[in-house]
Amino acid sequence: MVNRIGDLGFALGIALIFVVFGSITFDAIFAGVSQHQNDSYSVLGGTFRAYEVIGVLLFIGAMGKSAQLGLHVWLPDAMEGPTPVSALIHAATMVTAGVFLMARMSPVLEYAPHAMAFVTFVGASTALFAATVGVVQNDIKRIIAYSTCSQLGYMFIAAGVGAYQASVFHLLTHAFFKALLFLGAGSVIHAMSDEQDIRKMGGIWKKIPLTYTMMWIGSLALAGVFPFAGFYSKDAVLEAAFASHGGFAKYGFWCGILAAFLTAFYSWRLLILTFHGAPRADKHTMDHVHESPLVMTVPLMLLAAGAVLTGFTFAHQLLGEHWQHFWGAAIHNGPNNHVMHDMHEVPGWVVALPAVVGLSGIALAYIIYMGMPALPAQLAERFGGVYRFLLNKWYFDELYDRIFVRPTMALARGLWQVGDARIIDGIPNGVASLTAQGAGRVVKVQTGSIAHYAFAMLIGVVVLVSLYLIIR
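On a predicted model such as this, the values are computed, not experimentally measured, just so you know.

Engineer: Explanation requested: the packing of helix H12 (residues 229-243) against helix H18 (residues 348-371) in the structure shown.
Structural biologist: To characterise two packed helices, one gives the angle between the axes of the helices and the distance between these axes. Closest axis-to-axis distance for the H12/H18 pair is 10 Å, and the angle between their directions is 140°. Classified by the angle their axes make, H12 and H18 are oblique. Considering how the two elements wind past one another, H12 and H18 form a crossing that is right-handed. Of the residues in H18, those touching H12 at Asp-235, Leu-238, Glu-239 and Phe-242 are Trp-349, Val-350, Val-351 and Pro-354. For the contact of H12 with H18, the class distribution of residues is six nonpolar, no polar and two charged.

Here it is in structure tokens:
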């Protein structure tokens, strides 16, 4: 359902692009941007600038593909598939398409400030929402899935404030450490005899040391710890949000800061509950815990290299002083967009804050889950309402069940029982049944007796003669 909403938004956006520009090719659109800046479009009883409507509609499409708040509900459930498929979906294929679309359409979006503010608001809200949900999830893959939602929010924060380059840079680094985390989770699940609940793990780090090390590297990159890749790209997003004067930019910055703290916290919660402490699995499972074969661990090591190296290797080239030489015409910054310069001039505390909150989240997770392992259950009991709210993912599934699923099921049931069974099938079947019943009665006349047939003919002659005499 939510993907269909995104597809509809994207289709309407493309249709409006064709109406405005007469083409849907990038070259034709970008060449005509300056000629249509004042074009307007009437929608929902109001008149809006065409670029604003295009930007919002395209972003609705991106929200569906990149699982932003409101259209996100499919992404956590997508992790139910095989782990390599989850790694591809969450790191490198469909979910990144929306981010790419926003960056590629930058020549149009640069002239749609209200649409850009909408992108920033939704991205920031998604980053924080998904991080709060990830804090209490217990399925190892679902935690990482909500992390994907959150990191995609970061990418849209950057795109919304005009730092498209930082958005794509975070997309690049995220692909490595998120695929690493998913495949690492797959290695853990393999070692634990297909168990995915981190509450039933623990005490296995010595048995699978390579997987453990790889998960540490992925988590350090995700948390934005220096010098791992996430440190460079996530910090760039937050610095751009702080430096920007666009709508909701500061909201994006502070949501990103809070999400950074929660990200570090739930990453180390996952590591500690999965690998440390007393074993919580049954003896049979623990006896069979083993390191994964090379076919699984070699990809982990390759992705770990990317999670370590891509940040400082590409940061200067993609975001540094001469970023224009790398991006060329692929991304466009308007004459009034100075965020790529201003993001390097932010105060020192802005640069340091993401690292500080990330390390604070790690420290808090260590204190709670290593030093006071009974505390999480006590907090969950004391703040039961908040805990259930987060555990049930802000009740989005239940809300959509009430708004969309139940009415749709009721409509489908009515169409089936009334429209299909009674009308479409009922009328032809009823006529056929009447015909069959009539034929069943008529066939009884066919007795095979000549006397009966002669009597029937006599009656027929009498009736005809009688009618003839009455008519005369």
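Engineer: Whenever I open this one, the side chain of Thr-120 confuses me. Can you help?
Structural biologist: Mapped onto the elements, Thr-120 comes out in helix H8 (residues 113-134). Looking at Thr-120, the relative accessible area reads 0%, which means it is buried. Those residues within four positions of Thr-120 in sequence are excluded, and the remaining contacts are Phe-156, Ile-157, Gly-160, Val-161, Gly-247, Phe-248 and Ala-249.

Engineer: It is not clear to me how the packing of helix H3 (residues 50-65) against helix H6 (residues 94-104) should be interpreted in this structure. Could you clarify?
Structural biologist: One way to put it is that H3 packs onto H6 with a least axis distance of 7 Å and a crossing angle of 160°. Here H3 lies roughly antiparallel to H6, going by the angle between them. The hand of the H3/H6 crossing is left-handed. Packed against H3, whose contacting residues are Leu-58, Phe-59, Ala-62 and Lys-65, the element H6 presents Met-94, Val-95, Gly-98, Leu-101 and Met-102 at the interface. Tallied by class, residues from the contact of H3 with H6 come to seven nonpolar, one polar and one charged.

Conventions adopted
- Residues numbered from 1 in each chain as written.
- Predicted model: local features only at pLDDT ≥ 70, side-chain atom pairs only at ≥ 80, totals over all residues.
- Heavy atoms only, no water.
- Axes fitted to C-alpha atoms, helices over the stretch in contact; angles between N-to-C directions.
- Helix = DSSP H or I, 4+ residues; strand = E, 2+ residues; numbered from the N terminus.
- Parallel < 35°, antiparallel > 145°, perpendicular 65-115°, else oblique.
- Left-handed = near helix turned anticlockwise from the far one by under 90°.
- Contact = heavy atoms within 4.5 Å.
- Nonpolar A, V, L, I, M, F, W, Y, C, P; charged D, E, K, R; others polar.
- Buried < 20%, exposed > 50% of the residue type's maximum accessible area, 1.4 Å probe, protein only.

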